[in-house]
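Chain by chain, the residues:
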Amino acid sequence: MLALTAGCGGGDAVTARTPAEAVTQRMKGSAGVKVVRLVRLDYNEKVFAPPAEDDFVVPVNIGEYSESRTTGVLGATASDLTATYYRTNVPDELKSVVPTDLSFMTTRTITIAGSGTYEYRADRQDVPAGKSWRHGRGSECEQLSRAIGSLGVRNLVSPEVLRKLAAPAPSSGEAIDGVATVVHAGSSSLGEFGDAALHNDPVIAAKLREWRDLPQVAWRLWVGPDRLPRRVHLTSTYPMAEDNRLETAVIEVDFTDWGSDVLIDPPPSDQVHETGTCLDPEPY
């Protein structure tokens, strides 16, 4: 069990000169922050097989889902995040054929430092009867993620990523939740956010470089007077996308209530299924 308790968002963060310093100070010890992330996916041009009388309408290339919303809390050593998924690109005439409600994919993910990651999916997929959660420590998966580069919710509050996001000179931004902000905007390959030390195997290293260099990401980072992040907007593009593959992902993340009091427990051990595979709560 991890208890996260903290103050109300002021304190030593106001002395920080950069977002990386502010988050390092604020996330120290037992402090947490509430997050809301919205992901919108765009696939290639959507084509639908023309229906004939009494024929089924066959949708082509609508993607597995086109929007997800993740809510929860991040702490210095733990997080508890719940994601829900929806199809938002289904034409009205096809909604009776293609469901837009993907509640069966709802996923809750608990990560606790030293204890690994626990994943609960509403349809109990990939767990045996009588179990509700998958659990993995995933050291190899974490190493792969660092090598490829990632901009997940936890990465966005890491000092390493924040130093890169805040490197461009700021411009004046709008008020967010009544707080004045400045905006840092830039772009690079997703690989710029990965670990420079790639895999020792030369073949795997070459593939990792390809994965790192192809996706491009543009960002805007809003920070308050205390230098704490208030919002991040990311647009990732995949220039080599083929038919039925993701072309663009737009991610919007809001950070509120820095210093929230949070209590995170691991799931009951008798409900946990141990797995050696990488846990991937999102289908992209």
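Here the structure is a predicted model, which is why all the values come from computation and not from measurement.

A tally of helices and strands in the protein yields 4 helices and 16 strands. For the protein, the proportion of its 284 residues judged to be buried stands at 42%. Of all intrachain contacts in the protein linking residues separated by at least 6 positions in sequence, the fraction that spans at least 24 positions is 63%.

So, on to the pairing of strand β11 (residues 179–189). Across 4 bridges, the pairing between strand β10 (residues 171–176) and β11 is antiparallel. Note that in β11 the partner of Ser171 across the bridge is Val183. Counting the residues between successive antiparallel strands, the hairpin from β10 to β11 contains 2 residues, one of them, Asp177, with a positive phi of roughly 55°. For β11 and strand β12 (residues 216–223), the ladder comprises 8 bridges, and the chain directions are antiparallel. Residue Val183 lies in a different strand from β12, and its bridge partner there is Trp222.

Attention shifts here to the confidence of the model for the protein. Looking at the protein as a whole, the pLDDT averages 78, with 70% of positions reaching at least 70. For residues 1–11, every residue scores under 50 in pLDDT, and the model assigns this stretch 37 contacts once sequence neighbours within four places are set aside.

Bringing the pairing of strand β7 (residues 107–112) into the picture now. Here strand β6 (residues 78–86) runs beside β7; their pairing, made up of 6 bridges, is antiparallel. Each residue of the ladder has a partner; that of Ser79, found in β7, is Thr111. By the bridge criterion, 6 bridges tie β7 to strand β8 (residues 116–121) in an arrangement that is antiparallel. The residue of β8 that forms the bridge with Arg108 is Tyr120. Connecting the antiparallel pair β7 and β8 is a turn made up of 3 residues, with Gly114 showing a positive phi of about 85°.

By size, the foremost hydrophobic cluster in this structure holds 39 residues, and its most contacted members are Leu74, Leu151, Leu156, Leu165, Leu234, Phe255 and Trp258. Of all the secondary structure elements, the ones that give two or more residues to this core are α1 (19–26), β2 (32–43), β6, α3 (159–165), β12, β13 (229–237) and β14 (246–260). Ranked by size, the runner-up nonpolar core spans 9 residues in total, among them Tyr118, Trp133, Val262 and Ile264.

Here Arg227, not a glycine, exhibits a phi torsion of approximately 70°, which is positive. Mapping Arg227 onto the fold places it in the loop between β12 and β13. In this model, Asp257 sits at a positive phi of 55°, which is unusual for a non-glycine residue. Note that Asp257 resides in strand β14.

Counted according to the given criterion, the structure contains 3 aromatic pairs. For the ring pair Tyr65 and Tyr85, a centre distance of 4.9 Å and an interplane angle of 75° mean the geometry is edge-to-face. In this pair, Tyr65 sits in the loop between β4 (59–60) and β5 (67–75) while Tyr85 sits in strand β6, placing the two residues 20 residues apart along the sequence. Overall, Tyr65 belongs to the buried group, its relative accessible area being 0%. Between Arg231 and the ring centre of Trp222, over which it is positioned, the NZ or CZ distance is 5.9 Å.

Counted under the stated rule, the structure contains 9 salt bridges. For Asp257, the salt bridge identified is with Lys34, shortest N-O distance 3.6 Å. Within this pair, whereas Asp257 is found in strand β14, its partner Lys34 is found in strand β2, the two being separated by 223 residues in sequence. Since its relative accessible area comes to 45%, Asp257 is described here as partly exposed. Relative accessible area serves as the criterion here: at 40%, Lys34 is assigned to the partly exposed category. A salt bridge links Arg231 to Asp254; the nearest nitrogen and oxygen atoms lie 2.6 Å apart.

Let us now look at the side chain of Ser132. With respect to the helices and strands, the residue Ser132 is situated in the loop between β8 and β9 (133–136). The exposure class assigned to Ser132 is buried, which follows from its relative accessible area of 10%. Within the local environment of Ser132, its side chain forms a polar contact with the side chain of Gln271, the two groups lying 2.9 Å apart. When sequence neighbours within four positions are dropped, the list of residues in contact with Ser132 reads Glu119, Tyr120, Arg121, Arg124, Val127 and Gln271.

What counts and what doesn't
Residues numbered from 1 in each chain as written. Predicted model: local features only at pLDDT ≥ 70, side-chain atom pairs only at ≥ 80, totals over all residues. Heavy atoms only, no water. Helix = DSSP H or I, 4+ residues; strand = E, 2+ residues; numbered from the N terminus. Buried < 20%, exposed > 50% of the residue type's maximum accessible area, 1.4 Å probe, protein only. Contact = heavy atoms within 4.5 Å. Pairing = 2+ DSSP bridges. pLDDT = per-residue confidence, 0-100. Core = buried A, V, L, I, M, F, W, Y, C linked by side-chain atoms within 4.5 Å. Phe/Tyr/Trp six-rings, centres within 6.5 Å; stacked < 30°, edge-to-face > 60°. Lys NZ or Arg CZ within 6 Å of the ring centre and 35° of its normal. Salt bridge = Lys/Arg side-chain N within 4 Å of Asp/Glu carboxyl O. Polar contact = N/O pair within 3.5 Å; in protein donor to acceptor, adjacent residues only side chain to side chain.

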